[in-house]
Amino acid sequence: MKRNFCIAAILFLCFATNLTAQTAKSSGDEVDDYILVQMQRAKIPGLAVAVIRDGKVVKARGYGLANLEHQISVKPETIFQSGSVGKQFTATAVMMLVEDGKISLDDKITKYFKDAPEHWKEITVRHLLSHTAGTTDYPRDFDFRRDYTEDQLLAEAAKISLAFQPGEKWMYSNLGYVMLGILIGKVTGKFYGDFLQERIFKPLGMTSTRIINEADIIPNRAEGYRLVKGELKHQQWVSPTLNTTADGSLYFNLPDLIKWDAALYTEKLLKKSSLDLMWTPIKQNNGTTNKGNYGFGWVINNTNGHKVIEHGGAWQGFKSYIARYVDDKTTVILLANLAQTNPEKLAHQVAGFYIPAVKPVEPKPIADTEPQVTAMFKEALNKMIAGNFERELLTAEMQKQWFPDRVTEVGELLKSFGNLKSVTLIERKQEAENRFYRYKVAFNDTVLLIAMTFTKDNKITAMQFAPE
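Would you mind going over the pattern of salt bridges with me for this structure?
When the charged atoms of two side chains lie near each other, side chains of opposite charge can form a pair. For the structure shown, the criterion picks out 20 salt bridges. E122 is the salt-bridge partner of K108, the closest N and O atoms lying 3.3 Å from each other. Of the two residues, K108 is situated in the loop between helix 3 (87-99) and helix 4 (125-130) and E122 in the loop between helix 3 and helix 4; the sequence distance between them amounts to 14 residues. The exposure class of K108 is partly exposed, given its relative accessible area of 32%. Among the ionic pairs, R428 bridges to E370, the shortest N-O distance being 4.0 Å. With R428 in strand 13 (residues 420-431) and E370 in the loop between helix 10 (343-354) and helix 11 (371-386), this pair connects stretches of sequence that are 58 residues apart. When salt bridges with common partners are traced through the structure, they connect E427, K429, E431 and R438 into a single cluster.

Put into structure tokens, the structure is as follows:
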């Protein structure tokens, strides 16, 4: 999801505040009613939503405002930023080159990056596509306002040690997809964005989809926003070159994504065998499915027996989501211009209006028979918020992934919500030798669902954050 993925992917924030926003009038449709209520609660300036069923567009509508200062309404043609939804286009480009015989999925990336460091020698193209390379995300001190060359970006990535050996585990890596974009350029001799235009966007008639360029005059472009202490602010500025990387730097809109969805039911772009490979969770070295259920540029999930191929994105005050319920031939596309939007939750709820079996179930409190665990949970949260979290509370693997950068970022974000008011247990289960607990946590300004998984010796081995 690009910048601050470790927060954006872990914390899909929902601010329970009130706003009398200018929005499209509800037609009485229950989906419209739901969307408008959620926008008001979460202070979302604008949303665009599409629903496609059996190849027919049953909804393509804009809600709210694309630009607050000029009071411009969102419409289906309004252009949003992709965030990591753009990764599926990068993955498709790589698979096109595989079909062309110019790349092999099992090629070592050192074949393309001649000055690669020693710790990259076992990384393959397949590893980068599936986030199993051991590469990590942008480091906390990465300068997003610097114009890097591709060689400089590779050099920055090369400085970072692998979190694990390639194929051993799964960890989402924006830098891995940055590397894929550069690799596409080395193979084709052209900028990866030009390759996307030639091989995907133009053939499908996706006339509004392109690489981000804030200097150009682009009709229907929305403005991105973020919430700062409850107030809407403009998106933060990043350098022009960091708006062109292959981890998710696209402009697009509903009409173009509807064409994209239709093409994925055909072989216009790729053979069925290639698409099936992209939509199959990659196995790790030990033969188990990766914990992200990740294929190539897509997450593959199952909701009550209904297969869903999906992905979200976050970048510069925008959120995006596409959920393709392929067995039901139903797709939900959701684009928003607020950084704190939870597009996954909204997309799944919208899908539930059309496919009742996949509608998310609201969690309910359960009896807390282990108050000592709840006490450990609260202690961990309070230490995070206070800035004195101890690395010894985490397993060795979690220390590599979370300490100190993610712990610090999450703590700062939680602190911004005000005082911790209450903690209520809503789920508890055994996972092999570990114990999983999910709590509803109320702060002054918002309510989150926070989960922690503890080992038998009470070390934290996983943490998850989501809105209520």
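It is not clear to me how the pairing of strand 10 (residues 306-315) should be interpreted in this structure. Could you clarify?
The side chains of a regular strand alternate, first on one face of the sheet and then on the other. Counted residue by residue, strand 10 has nine buried out of ten residues, so it is predominantly covered. Where strand 9 (residues 299-303) lies against strand 10, five bridges are found, and the strand directions are antiparallel. Directly across from N302, in strand 10, lies its bridge partner K307. Counting the residues that bridge the hairpin from strand 9 to strand 10 gives two residues, and of these N304 lies at a positive phi of roughly 50 degrees. Strand direction decides the pairing type here: strand 10 and strand 11 (residues 318-325), joined by seven bridges, are antiparallel. Pairing of G313 across the sheet is with S320, part of strand 11.

When you look at the side chain of E310 in this model, what are you seeing that I'm missing?
Inspection of the secondary structure assignment puts E310 in strand 10. In terms of polar contacts, E310 uses its side chain to reach the side chain of N301, at 2.7 Å. For E310, the side chain forms a polar contact with the side chain of Y321, separated by 3.0 Å. What E310 contacts, discounting residues up to four positions off in sequence, is W298, V299, N301, Y321, I322, A323 and H348.

Would you mind going over the sheet that holds strand 8 (residues 250-252) with me for this structure?
Strand-to-strand pairing in sheets goes through backbone hydrogen bonds, with the strands running parallel or antiparallel. With respect to topology, three strands assemble into an open sheet ordered 4-8-5, the strand pairing being antiparallel. Single-partner strands in this sheet number two, and they are strand 4 (80-81) and strand 5 (210-211).

I keep staring at helix 6 (residues 174-188) and nothing clicks. Help me out?
Think of an α-helix as turning once every 3.6 residues; residues three or four places apart then point the same way. Taking 1.5 Å of rise per residue, the 15 residues of helix 6 would be expected to cover 21 Å, and the 22 Å separating its terminal C-alpha atoms lies within 8% of that figure. Here helix 6 has its buried residues at N174, L175, G176, Y177, V178, M179, L180, G181, I182, L183, I184 and G185.

How should I be thinking about the confidence of the model for the protein in this particular structure?
Low pLDDT marks regions whose predicted coordinates should not be analysed in detail. When pLDDT is averaged across the protein, the result is 91; 94% of the residues are at 70 or more. Considering only residues more than four positions removed or in separate chains, one finds that residues 3-28, a stretch of pLDDT under 50, has 83 contacts.

Can you walk me through empty space enclosed by the protein in this structure?
Empty space among the atoms can be located by rolling a probe the size of a water molecule over them. All chains considered together, the criterion is met by five cavities of 30 Å³ or more. As a volume, the second largest cavity reaches approximately 60 Å³. Around the second largest cavity, the lining residues are W120, T135, T136, A157, I160, S161, L162, L175 and M179. Here the lining of the second largest cavity is composed, by residue class, of six nonpolar, three polar and no charged.

What am I meant to see in the nonpolar core here?
Looking at soluble globular proteins, one finds that nonpolar side chains tend to be buried together. Judged by nonpolar contacts, the single largest core of 86 residues is most densely connected at F89 and W260. Looking at this core, the element that brings in the most residues is helix 6, giving eight residues. With residues up to four places along the chain from it excluded, the contact list for F89 reads L196, I200, F201, M206, L250, F252, L257 and W260. Counting residues in hydrophobic clusters, the runner-up holds 27 residues, among them I35, A42, L338 and V350.

Sorry if this is basic, but what is going on with the sheet that holds strand 11 here?
Across the sheet, which stays open at both edges, the seven strands sit in the order 3-2-1-12-11-10-9 with antiparallel pairing between neighbours. At either margin of the open sheet sits one strand with a lone partner, and together these are strand 3 (72-73) and strand 9.

Sorry, what's going on with the packing of helix 3 against helix 6 here?
In a pair of packed helices, the angle between the axes and the distance between the axes together describe the arrangement. At a closest axis distance of 10 Å, the pairing of helix 3 and helix 6 adopts a crossing angle of 40 degrees. The angle between helix 3 and helix 6 falls in the class oblique. Our pair here, helix 3 against helix 6, has a crossing hand that is left-handed. Across from K87, T90, A91, A93, V94 and L97 in helix 3, the residues of helix 6 making contact are N174, Y177, L180, I184, V187 and T188. Across the contact of helix 3 with helix 6, the residue classes tally to eight nonpolar, three polar and one charged.

Honestly, the packing of helix 11 against helix 13 (residues 405-415) in this entry has me stumped. Any pointers?
Closest axis-to-axis distance for the helix 11/helix 13 pair is 7 Å, and the angle between their directions is 90 degrees. Considered as vectors, helix 11 and helix 13 are oriented roughly perpendicular to each other. Across the interface between the two elements, L381, M384 and I385 of helix 11 pack against V407, V410, G411, L414 and K415 of helix 13.

I keep staring at the packing of aromatic side chains and nothing clicks. Help me out?
To describe a pair of aromatic rings, one takes the distance between the centres and the angle between the planes. In this structure the tally under the stated criterion is 19 aromatic pairs. Measuring from centroid to centroid gives 6.2 Å for Y172 and Y294, while their planes differ by 80 degrees, and the two rings are edge-to-face. One end of the pair, Y172, is in the loop between helix 5 (150-158) and helix 6; the other, Y294, is in the loop between helix 9 (272-278) and strand 9, and 122 residues separate them in sequence. A residue is classified by how much of its surface remains accessible, and Y294, at 0% relative accessible area, is buried. Their ring planes at 75 degrees and their centres at 5.2 Å tell us that F191 and Y192 sit as a pair that is edge-to-face. With a relative accessible area of 31%, F191 lands in the partly exposed category. Owing to a relative accessible area of 4%, Y192 belongs among the buried residues under this scheme.

Please explain unusual backbone geometry as it appears in this structure.
With the exception of glycine, most residues fall at negative phi, and the peptide bonds are largely trans. For the bond from F403 to P404, the omega torsion is 0 degrees, close enough to zero to count as cis. Take P404: it is sitting in the loop between helix 12 (396-402) and helix 13. Backbone geometry places N304, a non-glycine residue, at a positive phi of 50 degrees. Its identity is not glycine, yet K329 carries a phi of approximately 50 degrees, on the positive side.

Rules and cut-offs
- Residues numbered from 1 in each chain as written.
- Predicted model: local features only at pLDDT ≥ 70, side-chain atom pairs only at ≥ 80, totals over all residues.
- Heavy atoms only, no water.
- Salt bridge = Lys/Arg side-chain N within 4 Å of Asp/Glu carboxyl O.
- Helix = DSSP H or I, 4+ residues; strand = E, 2+ residues; numbered from the N terminus.
- Buried < 20%, exposed > 50% of the residue type's maximum accessible area, 1.4 Å probe, protein only.
- Pairing = 2+ DSSP bridges.
- Polar contact = N/O pair within 3.5 Å; in protein donor to acceptor, adjacent residues only side chain to side chain.
- Contact = heavy atoms within 4.5 Å.
- Expected span 1.5 Å × (residues − 1).
- pLDDT = per-residue confidence, 0-100.
- 1 Å grid on protein atoms, 1.4 Å probe; cavity = no way out; pocket = protein on both sides within 12 Å on 5 of 7 lines; lining within 4 Å.
- Points joined across faces, edges and corners; volume = space filled by probe spheres on them.
- Nonpolar A, V, L, I, M, F, W, Y, C, P; charged D, E, K, R; others polar.
- Core = buried A, V, L, I, M, F, W, Y, C linked by side-chain atoms within 4.5 Å.
- Axes fitted to C-alpha atoms, helices over the stretch in contact; angles between N-to-C directions.
- Parallel < 35°, antiparallel > 145°, perpendicular 65-115°, else oblique.
- Left-handed = near helix turned anticlockwise from the far one by under 90°.
- Phe/Tyr/Trp six-rings, centres within 6.5 Å; stacked < 30°, edge-to-face > 60°.

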